[in-house]
Amino acid sequence: MRDYLVIIEQGKDGGWGAYAPDLPGLGVAAETREEVETLIREGIRIYIEELRTDGLPIPESSTFAERISVAA
């Protein structure tokens, strides 16, 4: 089992997008947050499966996120 950071963003049009910075080229979009979460999980699974099939290394997770509060 591997854990990857996933960035989930809501677009100005109300739709949602998600991507995993450690897995280049993997990104999904959907109308709801729940839908985008399902799609990114499936996308990560397929991404790793294809790397294994091609005999390529599976990237280690090296991206971190943290919320930082500032006076604004």
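Each remark here, short or long, concerns the structure printed above.
Below is a summary of the structure that appears in this document. (Residues numbered from 1 in each chain as written. Predicted model: local features only at pLDDT ≥ 70, side-chain atom pairs only at ≥ 80, totals over all residues. Heavy atoms only, no water.)

**Notes on the layout of surface pockets**
Point 1. The computed volume of the largest pocket comes to approximately 480 Å³.
Point 2. Along the wall of the largest pocket there are 14 residues; nearest its centre are Arg-2, Tyr-4, Arg-41, Ile-44 and Arg-45.
Point 3. Among the elements that line the lining of the largest pocket, the one with the most residues is helix H1 (residues 33-53), at 8 residues.
Point 4. Looking at the lining of the largest pocket residue by residue, the class counts come to 7 nonpolar, no polar and 7 charged. (1 Å grid on protein atoms, 1.4 Å probe; cavity = no way out; pocket = protein on both sides within 12 Å on 5 of 7 lines; lining within 4 Å. Points joined across faces, edges and corners; volume = space filled by probe spheres on them. Helix = DSSP H or I, 4+ residues; strand = E, 2+ residues; numbered from the N terminus. Nonpolar A, V, L, I, M, F, W, Y, C, P; charged D, E, K, R; others polar.)

**Overview of H1**
Point 1. Along its 21 residues, H1 runs 30 Å from first to last C-alpha, staying within 8% of the 30 Å computed at 1.5 Å per residue.
Point 2. Those residues of H1 that are buried lie in contact with strand E1 (7-10), strand E2 (16-19) and strand E3 (27-30).
Point 3. Taken from the residues just after H1, Gly-55 is the one with a positive phi, measuring 70°. (Expected span 1.5 Å × (residues − 1). Contact = heavy atoms within 4.5 Å.)

**Considering the environment of Glu-31**
Point 1. Mapped onto the elements of the fold, Glu-31 is located in the loop between E3 and H1.
Point 2. Residues contacting Glu-31, with those up to four places away along its chain left out, are Gly-14, Gly-15 and Trp-16.

All we've got here are geometric facts, nothing functional implied.
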